[in-house]
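Structural characterization, general
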Amino acid sequence: MTAARGTDGVLVDRYGRVARDLRVSLTDKCNLRCTYCMPAEGLPWLASPQLLSDDEIVRLVRVAVERLGVTEVRFTGGEPLIRPGVVGIVAAVAALEPRPRISLTTNGLGLDRLAPALRAAGLDRVNVSLDTLDAARFARLTRRDRLADVLAGLAGAAAAGLTPVKINSVLMRGVNDDEAPALLRFALAHGYELRFIEQMPLDAQHGWDRAAMVTADEILATLRTGADARTGADPRTGADPHTGASLPRAGFDLTPDPAERGAAPAETWLVDGGPARVGVIGSVTRPFCGDCDRTRLTADGQVRACLFATEESDLRGALRAGADDDELARRWRAAMWGKRAGHGIDDPTFLQPARPMSAIGG
């Protein structure tokens, strides 16, 4: 394969992977302060002139859809729901031809209020981050006492038809690693799809420790044994919340999902024979780089070929300098052509990206 292949109308890299899934960060700001993501005081946020305008975002997404073969668009952040123009951006992208499938990843705050408008604008579904079902633990993890608002957001999304509603959960050793079964029971009871995600080295503090990460194998083992899974139990103690008595443990029967995985980041398993499923995204211990089909656009208009890339390609500067759509597409293809074979977390020379997840967009 030659570099010329990178100019044939799709986002192909030198390893033959084609990026059809675009992740677009709408803002680097967030209204939570999750301990594994950022410090309590927050971060130096991007200044308004650095951020892409609503029209600039829509234009770049249009280039990706119409000229580069992108078929799925996921809006991320930071927290995308705090972007004032989020509903209008969704509506404009939904009007593109061919229409991409549109989703959004959120912490759930305010989702109950915005879900009907987002659905009417053309949003297809949502992923909601939820790492614990215990209110006190949620407050410690996020530095905000907002668990009830997240649960309301989940319910509001389902009621609005933003389905399947997916939950993203990160488990951390000694923090919330006892809650895997409780989180799955909660998801099953409400018809949500749960995805556990291995903690990745994308924190602003650069304090990620592989030894503290709960691995995909550990998550699956805990679900199968049912350790700390007691129906109706307090997720911290495993006791009946009313009587304090210990409740019986019950594990889950997990069988590999026969459906084709394709480029999906999650490996999925049927729960107790199905049809319900649970997924695990083992980005660190079970990397799926060889099938990656994602490209990323940051809130300030930088293309990232990989979540863990240490370099970016500037589209904002070209756009504001008057580049036409053909030139923007050419630059985007050039950026993706240089994508590396894998993220290299296990390589001794691995360097964590300078920008944290909140600035990159998931």
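About the thresholds
- The residue count restarts for each chain, going from 1 along the sequence in the order it is written.
- Owing to the predicted nature of the model, reporting of local features is limited to residues with pLDDT of at least 70; listing and counting of side-chain atom pairs is limited to 80 or more, with chain, interface and lining totals taken over all residues.
- Values reported for side chains reflect all heavy atoms of the structure, with hydrogen atoms and water molecules removed beforehand.
- Helix numbering and strand numbering both begin at the N terminus, where a helix is a DSSP run of H or I of at least 4 residues and a strand a DSSP run of E of at least 2.
- What makes two residues a contact is simply this: any of their non-hydrogen atoms within 4.5 Å.
- In this description, accessible areas are obtained by the Shrake-Rupley approach with a 1.4 Å probe, and a residue is regarded as covered only by the protein chains that are shown.
- Put simply, buried Ala, Val, Leu, Ile, Met, Phe, Trp, Tyr and Cys residues joined by side-chain atoms within 4.5 Å make one nonpolar core.
- Residue exposure (1.4 Å probe, protein chains only): buried if accessible area is under 20% of the type maximum, exposed if over 50%, otherwise partly exposed.
- A residue's pLDDT is simply how confident the predictor is in it, with values from 0 to 100.
- Throughout, the arc means that of the directions going from the helix axis to the C-beta atoms.
- All axes are obtained by fitting lines to C-alpha atoms, using only the stretch in contact for helices, and the reported angles, taken between N-to-C directions, cover 0 to 180 degrees.
- Any angle that is under 35 degrees is reported as roughly parallel, and any over 145 degrees as roughly antiparallel; angles of 65 to 115 degrees are reported as roughly perpendicular and all others as oblique.
- Three residue categories are used. Nonpolar comprises Ala, Val, Leu, Ile, Met, Phe, Trp, Tyr, Cys and Pro, charged comprises Asp, Glu, Lys and Arg, and polar comprises the others, including Gly.
- By definition, two strands form a pair when at least two bridges between them are found by DSSP.
- A clockwise path from the first strand over the helix to the second, with the strands pointing away from the viewer, defines a right-handed crossover.

Observations concerning the overall build of the protein chain
- Looking only at helices and strands, the protein chain features 10 helices and 12 strands.
- In the protein chain, the proportion of contacts linking residues at least 24 apart, taken out of those at least 6 apart, comes to 71%.
- When the accessible surface of the protein chain is split by element, carbon and sulfur atoms take 52% of a total near 14,900 Å².

Some remarks on the nonpolar core
- The biggest cluster of nonpolar side chains holds 82 residues, and the ones touching the most others in it are Phe75, Phe196 and Trp332.
- Ranked by the residues each element gives to this core, the list is headed by helix H1 (residues 54-68), at 8 residues.
- What Phe196 contacts, discounting residues up to four positions off in sequence, is Ser169, Leu171, Ala180, Leu183, Ile219, Leu223, Val278, Gly279, Val280 and Ile281.

Here we look at the confidence of the model for the protein chain
- Per-residue confidence for the protein chain gives a mean pLDDT of 86; residues scoring 70 or more make up 83%.
- Confidence drops under pLDDT 50 across residues 1-7; counting only partners more than four residues distant or on other chains, this segment forms 12 contacts.

A closer look at helix H3 (residues 111-121)
- By the burial criterion, the buried members of H3 are Leu111, Leu114, Ala115, Leu118 and Ala121. Buried residues of H3 fall within an arc of 130 degrees about the axis and therefore sit on the same side. Of the exposed residues in H3, the ones pointing more than 90 degrees away from its buried face are Arg113 and Ala120.
- Structurally, H3 contributes buried residues whose contacts are with helix H2 (86-94), strand E3 (101-106), strand E4 (125-129) and helix H5 (147-160).
- At the C-terminal side of H3, Gly122 shows a positive phi close to 125 degrees.

Quick word on the packing of H1 against helix H9 (residues 325-337)
- Their axes nearest at 10 Å, the elements H1 and H9 cross at an angle of 80 degrees. As far as their axial angle goes, H9 and H1 are roughly perpendicular. Facing H1, whose interface residues are Arg59, Leu60, Arg62, Val63, Ala64, Arg67 and Leu68, H9 presents Asp325, Asp326, Leu328, Ala329, Trp332 and Arg333.
- Here the residues of the contact of H1 with H9 are counted per class, giving 7 nonpolar, no polar and 6 charged.

Some remarks on the environment of Leu223
- Inspection of the secondary structure puts Leu223 in helix H7 (residues 216-225).
- The class for Leu223 is buried, based on a relative accessible area of 0%.
- With 30 residues separating them along the chain, Leu223 and Asp253 place their C-alpha atoms 8.3 Å apart.
- Once you skip the residues sitting within four places of it in the chain, Leu223 turns out to touch Ala180, Pro181, Leu184, Phe196, Gly251, Phe252, Leu254 and Val278.

Topic: the pairing of E3
- Among the 6 residues that make up E3, 5 are buried, leaving the element largely enclosed by the rest of the structure.
- Bridge count for strand E2 (residues 72-76) against E3 is 4 bridges, and the pairing is parallel. Residue pairing across strands places Arg74 opposite Ser103, the latter belonging to E3.
- Where the polypeptide runs from E2 across H2 and back to E3, its parallel neighbour, the crossover connection is right-handed.
- The pairing of E3 with E4 spans 4 bridges and is parallel. The residue of E4 that forms the bridge with Leu104 is Val126.
- Running through H3, the crossover from E3 to the neighbouring parallel element E4 is right-handed.

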